[in-house]
Amino acid sequence: MANETPAIEPELLEILRCPVAVHYKDKGDDPGKLELVKGCWLVSADSGYKYPIRNGIPVMLVEEGERWKDTPVEQLPVPPPEN
């Protein structure tokens, strides 16, 4: 099996935060952490927002995260749609 490039560099995942949840005052000292799901989605447990990674670029727009908020993780499309 070929050595695949990760969808997102671990260093970037470590510093990225949900732009909504980062403002929460009741989620501890570091709100908005993101988890890589299905290899192409970033999910915030604090806000429930889900951000797609398209062409290796995390789309961290609030509108985009909100669009997928009510979609269960197991139903997130892989790869994320372009629009």
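Residues numbered from 1 in each chain as written. Predicted model: local features only at pLDDT ≥ 70, side-chain atom pairs only at ≥ 80, totals over all residues. Heavy atoms only, no water.

Turning our attention to unusual backbone geometry. That bond from Val78 to Pro79 is cis: its omega, -5°, falls within 30 degrees of zero. Within the secondary structure layout, Pro79 lies in the segment after helix H2 (62-67). Of note in the backbone geometry, Lys38 takes a positive phi value of approximately 60° without being a glycine. Its location among the elements puts Lys38 in the loop between strand S1 (34-37) and strand S2 (41-44). Of the residues examined, Lys38 reaches a relative accessible area of 39% and is grouped as partly exposed. Unlike most non-glycine residues, Asn55 shows phi in positive territory, near 55°. Structurally, Asn55 can be placed in the loop between strand S3 (50-54) and strand S4 (57-58). Exposure remark for Asn55: the relative accessible area of 69% places this residue in the exposed category. (Helix = DSSP H or I, 4+ residues; strand = E, 2+ residues; numbered from the N terminus. Buried < 20%, exposed > 50% of the residue type's maximum accessible area, 1.4 Å probe, protein only.)

As enumerated under the stated definition, the model contains 4 salt bridges in all. The salt bridge partner of Arg54 is Glu64, with a shortest N-O separation of 2.7 Å. You can see Arg54 sitting in strand S3 and its partner Glu64 sitting in helix H2, a full 10 residues away along the chain. Residue class for Arg54 comes out buried when judged on its relative accessible area of 11%. Taking the shortest distance from any N to any O, the salt bridge between Arg67 and Glu64 comes out at 3.5 Å. Placement of both Arg67 and Glu64 in helix H2 is noted, with a separation of 3 residues, approximately one turn of the helix. Take Arg67: its relative accessible area is 43%, and that puts it in the partly exposed class. A relative accessible area of 11% means that Glu64 is categorised as buried. (Salt bridge = Lys/Arg side-chain N within 4 Å of Asp/Glu carboxyl O.)

The biggest cluster of nonpolar side chains holds 10 residues, and these are Ile8, Leu16, Cys18, Val20, Ala21, Leu34, Leu42, Tyr49, Tyr51 and Ile53. Dropping the residues within four chain positions of it, Ala21 is found in contact with Pro31, Gly32, Ser44, Asp46 and Ser47. Counting 6 residues, the second largest nonpolar core, distinct from the first, contains Val37, Cys40, Trp68 and Leu76. (Core = buried A, V, L, I, M, F, W, Y, C linked by side-chain atoms within 4.5 Å. Contact = heavy atoms within 4.5 Å.)

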